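# Results of the structural survey
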Amino acid sequence: MSFPKTQSEWRTALDALPSTPEKIPAFFFGHGSPMLIARQVTNSPMTSTMGPGGDLANFLRDLGPVLRAKYKPKGIVVFSAHWETIGVRHVTDYGDRNPLLMDYFGFEPYYYQQTFESKGNRALAERIILLYKEVGQEAKLSGINENRGWDGRTSPPRQSPGFDHGVFVPFKLMFGDKVDDVPIVQVSIERSGDPEQNWAVGKALSKLREEGILILAGGLTVHNLRDRKQFSEKSASPDVTMFDQAITVAASKSQLDERKQSLFDLVKHDGFAQAHPSVEHFVPLYVAAGAGEEGGVQVVSAIYSAPTIAFGI
């Protein structure tokens with residue numbers, strides 16, 4: 001089974017996505033790291049894959065315009081590996097300007113000067129709350145005065161609201177530095193890391209896909225900051241590279257029951273623990289798969305550690 005890994009291949013796959021604004025697929029995408037917007041690229045396994053001139057950056061620049069052209073979204077709901085809550089979904093309600101949370105530390109000042117201008121939408125946020133309540137899940141609004149993470153712009157860091165780097169960094173490449181015509185709302189993932197629970201987090205919002213809303217869930221299929229050689233396909237262990245390949249195979253199963261079980265079984269793979277010492281970067285895959293549970297699946301790109309998969313085609 002072959003999946004798109006080069007620019008020519010992923011552009012063909014993007015062209016093949018059906019233009020269905022009446023029922024928009026849900027997407028898992030590799031959200032990368034702050035290295036995507038680096039000014040200078042160091043010679044390291046992470047930056048070779050996720051630097052500003054790497055495959056992921058080039059793919060994200062191709063992905064954003066296609067999503068806007070094919071689906072003409074009325075709003076975007078985004079999940080990130082960097083916002084976890086326990087038992088209760090938090091939904092941003094930031095009004096006319098979504099703030100940014102620079103949730104990284106020890107970088108040069110350039111990284112804390114980044115901008116991404118966008119707006120929220122109270123009606124969309126409240127619709128999300130209602131959909132969760134309809135299926136018995138708790139959810140609450142998270143306003144502009146509510147702390148949701150540690151911001152590295154200050155010394156010492158302080159707690160702040162805002163979109164984390166798993167949102168604003170890839171979105172800068174996908175959509176540019178300003179999105180003023182489509183509201184964006186972020187929702188937290190389930191911190192337990194449980195595949196079934198995070199699948200349900202996405203599934204609860206599946207109706208939004210028929211209401212003109214684009215659902216994006218960002219993470220990585222390999223994320224091991226303790227062993228950075230795993231970020232590069234050339235230096236990763238065989239177990240980790242086989243695990244990464246198994247993900248696209250599992251997601252591509254045509255029958256829902258088989259696909260769901262294959263995706264759940266990935267946490268038992270020999271390479272899983274080495275690829276994910278903690279699971280938060282992996283579970284957004286389940287959020288997207290749940291949101292697009294019904295319908296087909298297309299692997300849009302199979303970039304190592306950062307694929308993009310469309311669910312609910």
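Look a little higher up for the structure.
Residues numbered from 1 in each chain as written. Predicted model: local features only at pLDDT ≥ 70, side-chain atom pairs only at ≥ 80, totals over all residues. Heavy atoms only, no water.

### Structural notes on the overall build of the protein
Operational definition: Here a strand is any run of E in DSSP of at least two residues, a helix any run of H or I of at least four, and the numbering for each starts at the N terminus. All radius of gyration figures rest on C-alpha atoms, and the globule criterion is 2.2 Å times the number of residues raised to 0.38. Exposure is judged per residue with a 1.4 Å probe applied to protein chains only, and the accessible area is read against the type maximum: over 50% gives exposed, under 20% gives buried, and values in between give partly exposed. Residue contacts are counted whenever heavy atoms from the two residues lie within 4.5 Å of one another. We count Lys and Arg on the positive side and Asp and Glu on the negative side, and we leave His and both chain ends out. Every charge is mapped onto a representative atom, which is NZ of Lys, CZ of Arg, CG of Asp or CD of Glu.
From N to C terminus, the protein includes 10 helices and 10 strands. The C-alpha atoms of the protein give 18 Å as radius of gyration, which agrees with the globular expectation for 313 residues (20 Å, within 12%). Along the first, second and third principal axes, the C-alpha set of the protein runs to 45 × 45 × 35 Å. Taking all 313 residues of the protein together, 59% fall into the buried category. Once local pairs closer than 6 in sequence are excluded, the contacts in the protein between residues at least 24 apart make up 77%. Between the averaged position of the 33 positive side-chain charges in the protein and that of its 36 negative side-chain charges there is a distance of 3 Å.

### Thoughts on the pairing of strand β1 (residues 26-30)
Inclusion rule: By the convention used here, strands pair only if DSSP detects at least 2 bridges between them.
Counting buried residues in β1 gives 5 out of 5 residues, a clear majority hidden from the surface. Of the two faces of β1, both are covered, the one formed by Ala26, Phe28 and Gly30 as well as the one formed by Phe27 and Phe29. With 5 bridges connecting them, β1 and strand β8 (residues 213-219) associate as parallel partners. Looking across to β8, one finds that Phe29 is bridged to Gly218.

### Details of the pattern of salt bridges
Operational definition: For this document, the term salt bridge refers to a Lys or Arg side-chain nitrogen within 4 Å of an Asp or Glu carboxyl oxygen.
For the structure shown, the criterion picks out 20 salt bridges. Between Lys23 and Glu210 there is a salt bridge, with its nearest N and O atoms 3.8 Å apart. Highlighted residues: Lys23 in the loop between α1 (7-16) and β1 and Glu210 in the loop between α6 (195-203) and β8, separated in sequence by 187 residues. Judged by relative accessible area, which is 53%, Glu210 ranks as exposed. Ionic pairing is found between Arg89 and Glu190, a salt bridge with its closest N-O pair at 3.2 Å. Pair noted here: Arg89 is in strand β3 (residues 88-93) and Glu190 is in strand β7 (residues 184-190), with a separation of 101 residues, a long-range link. Each member of the pair, Arg89 together with Glu190, is buried. The network of salt bridges with common partners includes Asp93, Arg122 and Glu126.

### Notes on the environment of Phe231
Within the secondary structure layout, Phe231 lies in the loop between β8 and α7 (238-251). In this structure Phe231 comes out as buried when scored by relative accessible area, which is 1%. As for Phe231 and Thr49, which are separated by 182 residues in sequence, their C-alpha atoms are 7.4 Å apart.

### Some remarks on the packing of aromatic side chains
What characterises a pair of aromatic rings is the spacing of the ring centres plus the angle enclosed by the ring planes. Put simply, the rule reads: Ring pairs are drawn from Phe, Tyr and Trp, using the six-membered ring of Trp, whenever the two centres fall within 6.5 Å, and their geometry is named by plane angle: stacked under 30 degrees, edge-to-face over 60, tilted for the rest.
With the rule as written, the count across this model stands at 16 aromatic pairs. Taking 5.3 Å as the distance between ring centres and 45° as the angle between the ring planes, the aromatic pair formed by Tyr104 and Tyr112 counts as tilted. Each of the two residues, Tyr104 as well as Tyr112, counts as buried. With a centroid separation of 5.1 Å and an interplanar angle of 80°, the aromatic rings of Phe171 and Phe175 are classed as edge-to-face. In this pair, Phe171 and Phe175 are both assigned in helix α5 (residues 165-175), 4 residues apart and thus about one turn of the helix distant. For the pair Phe171 and Phe175, a shared accessibility class is recorded, and that class is buried. Through a chain of ring-to-ring contacts, the aromatic side chains of Trp199, Phe243, Phe264, Phe272, Phe282 and Tyr286 assemble into a single cluster.

### A short note on α5
The buried fraction of α5 is high, at 11 of 11 residues. Elements in contact with the buried residues of α5: β1, α3 (55-71), β2 (75-85), β7 and β8. Positive phi shows up at Gly176, right after α5, with a value of about 90°.

### So, the environment of Gly30
As for its placement among the helices and strands, Gly30 is situated in strand β1. Along the sequence, Gly30 and Ser305 sit 275 residues apart, while their C-alpha atoms lie 7.4 Å from each other. Setting aside anything within four residues of it in sequence, one finds Gly30 in contact with Leu56, Leu60, Gly219, Leu220, Ala306, Pro307 and Thr308.

### Things to note about the environment of Ala310
By the secondary structure assignment, Ala310 is in strand β10 (residues 308-311). When its relative accessible area of 0% is taken as the criterion, Ala310 is described as buried. With 33 residues separating them along the chain, Ala310 and Pro277 place their C-alpha atoms 26 Å apart. The residues contacting Ala310, other than those within four sequence positions of it, are Leu17, Pro25, Ala26, Phe27, Gly296, Val297, Gln298 and Val300.

### A short note on helix α8 (residues 256-265)
Of the positions making up α8, those classed as buried are Arg259, Ser262, Leu263 and Phe264. On its buried face, α8 is in contact with α6, α7, α10 (284-291) and β9 (297-301).

### Here we look at the pairing of β8
With 7 of 7 residues buried, β8 lies mostly within the body of the structure. Every second residue of β8 is oriented toward a common face, with Ile213, Ile215, Ala217 and Gly219 on one face and Leu214, Leu216 and Gly218 on the other, all of them buried. As paired elements, β2 and β8 share 6 bridges and run parallel to each other. Bridge pairing in β8 places Phe79 opposite Ala217.

Shape is all these values report; function is a separate question.
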